[in-house]
Amino acid sequence: MQTRVRVGLAIAGLFTATFPFTGTASATMTPQDFRSEVVSRTNAERARVGCPALNRHGALDNAAQGHAADMANRNYFSHTSQDGRSPFDRMRQAGYPSNSGMAENIAAGYSTPAQVVAGWMNSSGHRANILNCSYRSIGVGYAYRSGTAYGHYWVQNFGTV
């Protein structure tokens, strides 16, 4: 069975692309495990090009998790929350410094961390965020809700602090 998969990117603007994919998630991993594995896989990609590892940042984690949960609970896929907030609004409201660089990758439909990171790496804009050596911090969100358009919702937030 083929599942619809979407990947979105926000730097200064908003872009989305659609990719077909099939696959299932590991029943033994928790959402926190998924989030940690996304960080590990992202850092492995960065290491291949000589970028430093990203460190988890609580504010970026909170903003990312909040947005992933909101998309799953409200069954939508967008960088813009249904209340009109941008990724940058959410990161600042979560306590991330407003005078720093920020970016967001989103994806939906991928059922494992390996699949979602591979999807982002196969998209030039998302890959650029992951491999931007000026970013020092990361936050990751993951939410699953059956009966929604995509089931699995992913968010990566990046920052320069």
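Bear in mind the structure is a predicted one, so any value in this text is a computation, not a measurement. (Residues numbered from 1 in each chain as written. Predicted model: local features only at pLDDT ≥ 70, side-chain atom pairs only at ≥ 80, totals over all residues. Heavy atoms only, no water.)

Engineer: How should the overall build of the chain be read in this particular structure?
Structural biologist: Within the chain, the secondary structure is distributed over 5 helices and 6 strands. Listed by position from the N terminus, the elements making up the chain come as β-β-α-β-α-α-β-α-α-β-β. Across the 161 residues of the chain, 49% fall into the buried class. A sequence separation of at least 24 residues applies to 70% of the contacts in the chain between residues at least 6 apart. (Helix = DSSP H or I, 4+ residues; strand = E, 2+ residues; numbered from the N terminus. Buried < 20%, exposed > 50% of the residue type's maximum accessible area, 1.4 Å probe, protein only. Contact = heavy atoms within 4.5 Å.)

Engineer: Hey, could you run me through the packing of aromatic side chains in this one?
Structural biologist: Where two aromatic rings form a pair, the distance of their centres and the angle of their planes describe that pair. Under the criterion given, the structure shown has 6 aromatic pairs. Measuring from ring centre to ring centre gives 5.9 Å for F77 and Y150, while their planes differ by 55°; the resulting arrangement is tilted. In this pair, F77 is assigned in the loop between α2 (58-74) and α3 (87-93) and Y150 in the loop between β5 (137-144) and β6 (152-159), connecting sequence segments 73 residues apart. Of the two residues examined, F77 and Y150, each falls in the buried class. Among the aromatic residues, those joined into a cluster by ring pairs are F34, Y142 and W154. (Phe/Tyr/Trp six-rings, centres within 6.5 Å; stacked < 30°, edge-to-face > 60°.)

Engineer: What's the story with the state of the cysteines in this structure? I'm lost.
Structural biologist: Working definition: the covalent bond between the sulfur atoms of two cysteines is a disulfide. Enumeration according to the criterion identifies 1 disulfide in this entry. Between the sulfur atoms of C51 and its disulfide partner C133 the distance amounts to 1.8 Å. Disulfide C51 to C133: torsion about the S-S bond roughly -80°, handedness left-handed. Here C133 lies in the loop between α5 (124-130) and β5 and C51 lies in the loop between α1 (31-48) and β3 (55-56), a separation of 82 residues in the sequence. Owing to a relative accessible area of 7%, C51 belongs among the buried residues under this scheme. (Disulfide = S-S within 2.5 Å.)

Engineer: Explain the packing of α1 against helix α4 (residues 113-121) here, please?
Structural biologist: For any two helices packed against each other, the geometry is given by the interaxial angle and the distance between the axes. The N-to-C vectors of α1 and α4 enclose an angle of 40°; their axes lie 9 Å apart at closest approach. The angle between the axes of α1 and α4 places the two elements in the oblique class. For the element pair α1 and α4, the recorded crossing hand is right-handed. For the pair formed by α1 and α4, the contact residues are F34, E37, V38, R41, T42 and E45 on the first element and P113, A114, V116, V117, W120 and M121 on the second. A breakdown of the residues in the contact of α1 with α4 according to their chemical character gives 8 nonpolar, 1 polar and 3 charged. (Axes fitted to C-alpha atoms, helices over the stretch in contact; angles between N-to-C directions. Parallel < 35°, antiparallel > 145°, perpendicular 65-115°, else oblique. Left-handed = near helix turned anticlockwise from the far one by under 90°. Nonpolar A, V, L, I, M, F, W, Y, C, P; charged D, E, K, R; others polar.)

Engineer: How should I be thinking about unusual backbone geometry in this particular structure?
Structural biologist: A negative phi angle characterises most non-glycine residues, just as the trans form characterises most peptide bonds. With a phi angle near 55°, N75 is a residue other than glycine that sits in the positive phi range. Topologically, N75 is positioned in the loop between α2 and α3. Classification of N75 by relative accessible area gives partly exposed; the value is 37%.

Engineer: What's the story with the pairing of strand β4 (residues 102-108) in this structure? I'm lost.
Structural biologist: Along any regular strand, the residues point their side chains to alternate faces of the sheet. In terms of burial, β4 is a largely internal element, 7 of the 7 residues being buried. Covered by surrounding structure in β4 are M102, E104, I106 and A108 together with A103, N105 and A107, the residues of both alternating faces. Bridge analysis of β4 against β6 gives 7 bridges, and the strand direction is antiparallel. Within the sheet, the bridge partner assigned to A108 lies in β6 and is Y153. (Pairing = 2+ DSSP bridges.)

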